Amino acid sequence: MKKLSDQEIIDSIKLGNQADFSIIVDRYKDKAFSLLKRMLKNEQDAEETLQDCFIKAYNSLSGFKGEAKFSTWFYRIVYNTALTKLSSQKRKTENEMSSLHEHFDLKSDYDYNVSERKDMSEFINELVNKLPEKHSAIISLFYLDEMSCEEISKALDISLSNVKVMLHRSRNALKDIIIENNLVEELI
Amino acid sequence: MNLLSDEILNKYLDGELDKNQSAEIEEILNKSENDRKRFSALKLIHKELSLMQEDKVSIDFTINVMARVNKKFALPKQQNYFIISIASILVLFCLGIVVYVVTAIVSSSAPQTESLQITETVNRFGNGLILELKKLFSGKNLSIIGSVFSLGILISGYFFFEHQKRSKINLGA
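Reference entry: report on the structure contained in this document. For clarity, every value in this text was computed on a predicted model and none was experimentally measured. By convention here, each chain's residues receive numbers from 1 onward along its written sequence. A letter from A marks each chain and a number from 1 marks each ligand, given out in the order of writing. Selection of residues for local features in this predicted model requires a pLDDT of at least 70, selection of side-chain atom pairs for listing and counting requires 80 or more, and totals for whole chains, interfaces and linings are taken over all residues. Note that the side-chain values use all heavy atoms of the structure and ignore hydrogens as well as water.

1. Quick word on unusual backbone geometry
Residue and element names in this part refer to chain A. Put simply, the test is: Helix and strand definitions follow DSSP, with helices as H or I runs of at least four residues and strands as E runs of at least two, each counted in order from the N terminus. Buried, partly exposed and exposed residues are distinguished by accessible area as a fraction of the type maximum, computed with a 1.4 Å probe on protein chains only: under 20%, between the cut-offs, and over 50%, respectively.
Positive phi, close to 50 degrees, is recorded for Glu146, a residue that is not glycine. Residue placement: Glu146 occurs in the loop between helix H8 (133-144) and helix H9 (149-156). Positive phi outside glycine occurs at Asp157, with the angle close to 60 degrees. Mapped onto the fold, Asp157 is located in the loop between H9 and helix H10 (160-180). Given a relative accessible area of 56%, Asp157 falls into the exposed group.

Next comes the structure, spelled out in structure tokens:
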């Protein structure tokens, strides 16, 4: 069976086939949930916020003209809703520049215990969850959604160079932990 | 000592460097064990991140979202139906009054002959209309019509305020 494009589904919803929105929900729910979970650092908050994001997207569908990809448009809703949620929770939300100057130290946050050796992917996953929200959002979009830096830049409304800086900084932080724990030789 | 910066290693990993730059990096990586180790760690991170699995939402997530979508739009639809039916009743009521008045005038007038002048017909029709409306909107009839209209206005008002309230909530959300 032919897989309908996002635009075809949206056109159908706009024509009154409200139930077709469930195809969009099924298509994006897990990826968007991964992004929210990493940003909000809480599974329940992530799921509730994701429901709100889908309702917001449904209500704003008439305003979606198809000039950008649906995924880019939708992830912007998700990202902005997450930032609003974080701000309402009185967590520290930084602007783009402060995020860039942010010096996070994963090493002090995470003590890798060799005796409690975990699965490597689980270990990396835990480290990604400890990254600041904007950095983990970029990692999630780049690796899970396979979005290019240009697409991420459009979706999050962050300049391309800043997206790259945050992506590199996140990878470097993870790399330093790998080196510090002498996991390179062991795992290659 | 690091010969290559983290930035260059990341760019090399992402394939952002040109052929000459890449060749230069490869040469340094062959010579410097420390840089090779750093690059291997970076490559490992990149590989592991690429294999990262999506997190799964609860099984009934889609059902819950669709229930919220349906709930949100079902009520206004019901309201629309109700407003349409109220409006239809009022229109039918007005139409009934008009038909009643016209029938009363026609039945009270004398059979028309060809010689009857048009102005006379219009005059009689006008006078008859005023007379019938006076009759209709006087005494007991007036209070019945007034009650029906008041009821219609009250019901419409209720739904108008409900609609306003809902719009406010939607804007807030």
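2. Quick notes on the interface of chain A and chain B
We count it as follows: Two residues form a contact once any of their heavy atoms are found within 4.5 Å. Buried area counts how much accessible surface, traced with a 1.4 Å probe, disappears from two parts once they are put together, with both parts' losses summed. Salt bridge criterion: a side-chain nitrogen from Lys or Arg within 4 Å of a carboxyl oxygen from Asp or Glu.
Each side of the interface is counted separately: chain A has 44 residues, and chain B has 36 residues. The junction of chain A with chain B conceals about 3,900 Å² of combined surface from both sides, 63% of it contributed by carbon and sulfur atoms. In this assembly, chain A and chain B are joined by eight salt bridges. With a closest N to O distance of 3.1 Å, Asp52 of chain A and Arg68 of chain B form a salt bridge. The set of elements that each furnish at least two residues to the side of chain A that touches chain B consists of helix H2 (21-40), helix H3 (43-59), helix H7 (120-129), H8, H10 and helix H11 (184-187) of chain A.

3. Observations regarding the environment of Ala82 of chain A
Residue placement: Ala82 of chain A occurs in helix H4 (residues 70-88). In this structure, the C-alpha to C-alpha distance between Ala82 of chain A and Leu35 of chain A, residues 47 residues apart in sequence, is 9.3 Å.

4. Here's the deal with the pattern of salt bridges
This model, assessed by the stated rule, comprises 17 salt bridges over all chains. Asp26 of chain A is the salt-bridge partner of Lys29 of chain A, the closest N and O atoms lying 3.1 Å from each other. Of the two residues, Lys29 of chain A and Asp26 of chain A both sit in helix H2, three residues apart, roughly one turn of that helix. Note that Lys31 of chain A and Glu54 of chain B form a salt bridge whose closest N and O atoms lie 3.4 Å from each other. Residue Lys31 of chain A is located in helix H2, and its partner Glu54 of chain B is located in the loop between helix H3 (33-50) and helix H4 (61-108); the two belong to separate chains. In this structure Lys31 of chain A comes out as partly exposed when scored by relative accessible area, which is 25%. A cluster of three or more residues bridged by salt bridges with shared partners is formed by Lys175 and Asp176 of chain A together with Asp6, Asp35 and Arg38 of chain B.

5. So, a nonpolar patch on the surface
Heads up, the condition is: A patch consists of residues exposed above 30% relative accessible area that lack any salt bridge, with like charges linked at up to 9 Å and nonpolar side chains (Val, Leu, Ile, Met, Phe, Trp, Tyr) linked at up to 5 Å. Throughout, the Shrake-Rupley method with a 1.4 Å probe supplies accessible areas, and for residues the shown protein chains are the sole cover considered.
A cluster of nonpolar side chains, contributed by Val98, Val102, Phe125, Leu129, Leu133, Phe137 and Leu142 of chain B, occupies part of the molecular surface with about 520 Å² of accessible area. Of all the elements, helix H5 (residues 118-136) of chain B adds the most residues to the nonpolar patch, at three residues.

6. As for the packing of H10 of chain A against H3 of chain B
Threshold: Under this scheme, a helix contributes an axis fitted over its contacting stretch, all axes are lines through C-alpha atoms, and angles between N-to-C directions fall in the 0 to 180 degree range. By convention, the crossing between two helices is left-handed when the near helix turns anticlockwise from the far helix through less than a right angle, and right-handed when the turn is clockwise. Three residue categories are used. Nonpolar comprises Ala, Val, Leu, Ile, Met, Phe, Trp, Tyr, Cys and Pro, charged comprises Asp, Glu, Lys and Arg, and polar comprises the others, including Gly.
Close contact between H10 of chain A and H3 of chain B brings their axes to 9 Å; oriented N to C, the two are set at 115 degrees. The element H10 of chain A and its partner H3 of chain B pack so that their crossing is right-handed. For the pair formed by H10 of chain A and H3 of chain B, the contact residues are Arg171, Asn172, Leu174, Lys175, Ile178 and Ile179 of chain A on the first element and Lys37, Arg38, Ala41, Leu42, Leu44, Ile45, His46 and Leu49 of chain B on the second. Taken together, the residues that form the contact of H10 of chain A with H3 of chain B break down as eight nonpolar, two polar and four charged.

7. With respect to the packing of aromatic side chains
Filter applied, for reference: Any pair of Phe, Tyr and Trp rings, taking the six-membered ring for Trp, is counted once the centres come within 6.5 Å. Such a pair is stacked with planes under 30 degrees apart, edge-to-face with planes over 60 apart, and tilted for the rest.
Using the criterion set out here, one finds 16 aromatic pairs over all chains in the structure. Through pairs of rings, three or more aromatic residues link up here, namely Phe21, Tyr28, Phe54, Tyr58, Phe64, Phe70, Trp73, Phe74 and Tyr75 of chain A together with Phe61 of chain B.

8. Quick look at helix H2 (residues 19-31) of chain B
Residues and elements named next belong to chain B. Convention followed: To estimate how far a helix should reach, multiply one less than its number of residues by 1.5 Å. Each C-beta atom gives one direction from the helix axis, and the arc is the one those directions make.
Between its first and last C-alpha atoms H2 spans 19 Å; for 13 residues at 1.5 Å apiece the expected length is 18 Å, and the two agree. Listing the buried residues of H2 in full gives Ser22, Ile25 and Leu29. Projected onto a plane normal to the axis of H2, the buried residues spread over an arc of 60 degrees and lie on a single side. Residues Asn20, Glu24, Asn30 and Lys31 are exposed on H2 and point more than 90 degrees away from its buried face.

9. Here's the deal with the layout of surface pockets
Residue and element names in this part refer to chain A. Quick reminder of the rule: A cavity here means a set of 1 Å grid points, computed over protein atoms only, where a 1.4 Å probe fits but cannot escape. A pocket is an open set with protein on both sides within 12 Å along at least 5 of 7 lines, and lining residues have an atom within 4 Å of a point. Grid points are joined across faces, edges and corners, and a volume is the space filled by probe spheres set on the points.
Size it by volume and the second largest pocket reaches roughly 290 Å³. Asp6, Arg27, Tyr28, Lys69 and Ser71 are the residues nearest the centre of the second largest pocket, which is lined by 15 residues in total. Elements with a contribution of two residues or more to the lining of the second largest pocket: helix H1 (6-14), H2 and H4. Considering only residue class, the lining of the second largest pocket consists of six nonpolar, three polar and six charged.

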